[in-house]
Amino acid sequence: MKTTPASSPWTDGLLTALAPIIWGTTYIVTTELLPPDRPFTAAVLRTLPAGLALVLWARRLPAAGFWLRLVLLSALNIGVFQALLFVAAYRLPGGLAAVVGAIQPLLVMALAWAVDQQRPVRLAVWASVAGVLGMAALLLSPGTVWEPVGIAAALIGAACMATGTYLARRWRPDLPVLAFTGWQLLLGGVMLVPVAWAIDPPLPALSLPNVAGYAYLAVFGAVVSYGLWFRGVGRLSPVAVSSLGLLSPLTAVLLGWLLLGQSMRGLSLLGLVMVLGSVLAVQRAMAAPRRAPAIDATPPAADAVVRNPV
């Protein structure tokens, strides 16, 4: 992605946070508006039209040597992740996958340590652990249904998203953010087409709510949200960005409580506060300059390394 003028990490964080908040509405849109049992079709209709529109709008090709990396990023961030997201959305109650998804910041820190020898910030580690515990307090109850396929989909999806976020920041292509977003959505959507064709049943005659649901996922759940997400990936630490992902299941839980009558008790409210505190603490930890920043494999400008520690 092209480098952009410096801005406040908190401003960038707030804008980036809008993406997972929008994604958090996927669960309720899927269960309430879309035809049942067609997760891969939903993923295709969410990503492919949005990617094509952005690519045509931006009219920028990646550099010749970046295509292989772009295909890998498209698979991690869009193709595989979107498929698993919809499998989890169909098989789990809204927000249950958050207990697994909350490990994403820890996975990103582990990647940075293993690949770039960048020791994680202690505050970020403890805050991320608190986020996992908060999600557990928020979501776990005696009546929780642990559907194995849905849990597995959520776990693998979390690993894909963590790796994709880390690599997207590490590689940073020389593309405008809309072009970078559009190519990933387009390639990821193409990957999902044969899967949807082979596995999902044909679509029935679509009702107006069905059309509205698919349109919402394409416009807001892909174009707007992924544009904001990859903008944040280019400006913030991968750990800070992945921590914001906790707001997605948190949004799903709040919507389930407000609109579907799902219960929230004292322990759940404590968990909600813990998750929000975790996100804020990670943003604070990663916005602070590091005393000895590590060198990236593809070094950006020196001041960007100090502003955006991994």
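Values in this document were obtained by computation on a predicted structure and should not be read as measured data. (Residues numbered from 1 in each chain as written. Predicted model: local features only at pLDDT ≥ 70, side-chain atom pairs only at ≥ 80, totals over all residues. Heavy atoms only, no water.)

Trainee: Hey, could you run me through the overall build of the chain in this one?
Mentor: Within the chain one finds 14 helices and zero strands. The order of α-helices and β-strands along the chain, N terminus first, is α-α-α-α-α-α-α-α-α-α-α-α-α-α. Here the chain holds 310 residues, and 54% of them are scored as buried. When contacts within the chain are restricted to residue pairs at least 6 apart in sequence, those whose partners lie at least 24 apart make up 90%. Total accessible area on the chain stands at roughly 13900 Å², and carbon and sulfur atoms take up 72% of it. (Helix = DSSP H or I, 4+ residues; strand = E, 2+ residues; numbered from the N terminus. Buried < 20%, exposed > 50% of the residue type's maximum accessible area, 1.4 Å probe, protein only. Contact = heavy atoms within 4.5 Å. Areas by Shrake-Rupley, 256 points an atom, 1.4 Å probe, with all protein chains shown as cover.)

Trainee: Help me out: how do you make sense of the packing of helix H1 (residues 9-23) against helix H10 (residues 208-235) in this one?
Mentor: In a packed pair of helices, the relevant descriptors are the angle between the two axes and the axis-to-axis distance. For the pair H1 and H10, the least separation of the axes is 8 Å and the interaxial angle reads 145 degrees. In this structure, H1 meets H10 at a crossing whose hand is left-handed. Residues Asp12, Leu15, Thr16, Leu18, Ala19, Pro20, Ile22 and Trp23 of H1 touch H10, and the partners they reach there are Tyr216, Phe220, Gly221, Val224, Ser225, Tyr226, Leu228, Trp229, Arg231, Gly232 and Arg235. Classifying every residue of the contact of H1 with H10 by side-chain character gives 12 nonpolar, four polar and three charged. (Axes fitted to C-alpha atoms, helices over the stretch in contact; angles between N-to-C directions. Left-handed = near helix turned anticlockwise from the far one by under 90°. Nonpolar A, V, L, I, M, F, W, Y, C, P; charged D, E, K, R; others polar.)

Trainee: Looking at this structure, how should I read H1?
Mentor: Residues spaced three or four apart along an α-helix point in a common direction, a consequence of the helix completing one turn every 3.6 residues. Here H1 spans 22 Å end to end across 15 residues, near enough to the 21 Å set by a 1.5 Å rise per residue. Along H1, the residues that are buried comprise Asp12, Gly13, Thr16, Ala17, Ala19, Pro20, Ile22 and Trp23. Those residues of H1 that are buried lie in contact with helix H2 (26-33), helix H3 (39-58), helix H8 (148-171), H10, helix H11 (238-244) and helix H12 (247-259). (Expected span 1.5 Å × (residues − 1).)

Trainee: Quick question: what am I supposed to make of the nonpolar core here?
Mentor: Burial of nonpolar side chains together is a common tendency in soluble globular proteins. Counting 45 residues, the largest nonpolar core has Leu73, Phe180, Leu185, Tyr226, Trp229, Phe230 and Met286 as the members making the most contacts within it. Among the elements that line this core, the one with the most residues is H8, at seven residues. Sequence-distant contacts of Trp229, that is, excluding residues within four places in its chain, are made with Thr16, Ala19, Pro20, Trp23, Met161, Thr165, Val241, Ser242 and Gly245. (Core = buried A, V, L, I, M, F, W, Y, C linked by side-chain atoms within 4.5 Å.)

Trainee: What is the right way to look at empty space enclosed by the protein in this model?
Mentor: Any empty space left between the atoms is revealed when a probe the size of a water molecule rolls over them. Taken as a whole and assessed by the stated rule, the structure comprises one cavity of 30 Å³ or more. Along the wall of the largest cavity there are 23 residues; nearest its centre are Tyr27, Phe81, Leu85, Gln104 and Ser248. No other element matches H8, which puts five residues into the lining of the largest cavity. (1 Å grid on protein atoms, 1.4 Å probe; cavity = no way out; pocket = protein on both sides within 12 Å on 5 of 7 lines; lining within 4 Å. Points joined across faces, edges and corners; volume = space filled by probe spheres on them.)

Trainee: In this structure, what is going on with the environment of Ala75? I would like to understand it.
Mentor: As for its placement among the helices and strands, Ala75 is situated in helix H4 (residues 67-91). Expressed as a C-alpha distance, the spacing of Ala75 and Leu192, which sit 117 residues apart in the sequence, is 9.4 Å. Beyond its immediate sequence surroundings of up to four residues, Ala75 is in contact with Val80, Phe81 and Met191.

Trainee: In this structure, what is going on with the pattern of salt bridges? I would like to understand it.
Mentor: Taken as a whole and assessed by the stated rule, the structure comprises three salt bridges. Linking Arg231 and Asp12 is a salt bridge whose minimum nitrogen-to-oxygen distance equals 3.1 Å. On the criterion of sequence distance, the pair formed by Arg231 in helix H10 and Asp12 in helix H1 is long-range, its members being 219 residues apart. Residue Asp12 is classed as buried on the basis of its relative accessible area, which comes to 3%. Within this structure, Asp12, Arg231 and Arg235 form a network of salt bridges that share partners. (Salt bridge = Lys/Arg side-chain N within 4 Å of Asp/Glu carboxyl O.)

Trainee: Explanation requested: the packing of aromatic side chains in the structure shown.
Mentor: The description of an aromatic ring pair rests on the distance of the ring centres and on the angle between the ring planes. Going through the model one piece at a time under the given rule, you end up with six aromatic pairs. Relative to Phe230, the ring of Phe180 has its centre 5.4 Å away and its plane inclined at 70 degrees; by these criteria the two rings are edge-to-face. Taken together, the residues Phe180 in helix H9 (residues 177-199) and Phe230 in helix H10 connect sequence positions 50 residues apart. Judged by relative accessible area, Phe180 falls into the buried class, the value being 0%. Among the aromatic side chains, those forming a connected cluster through ring pairs are Trp23, Phe180, Tyr226, Trp229 and Phe230. (Phe/Tyr/Trp six-rings, centres within 6.5 Å; stacked < 30°, edge-to-face > 60°.)

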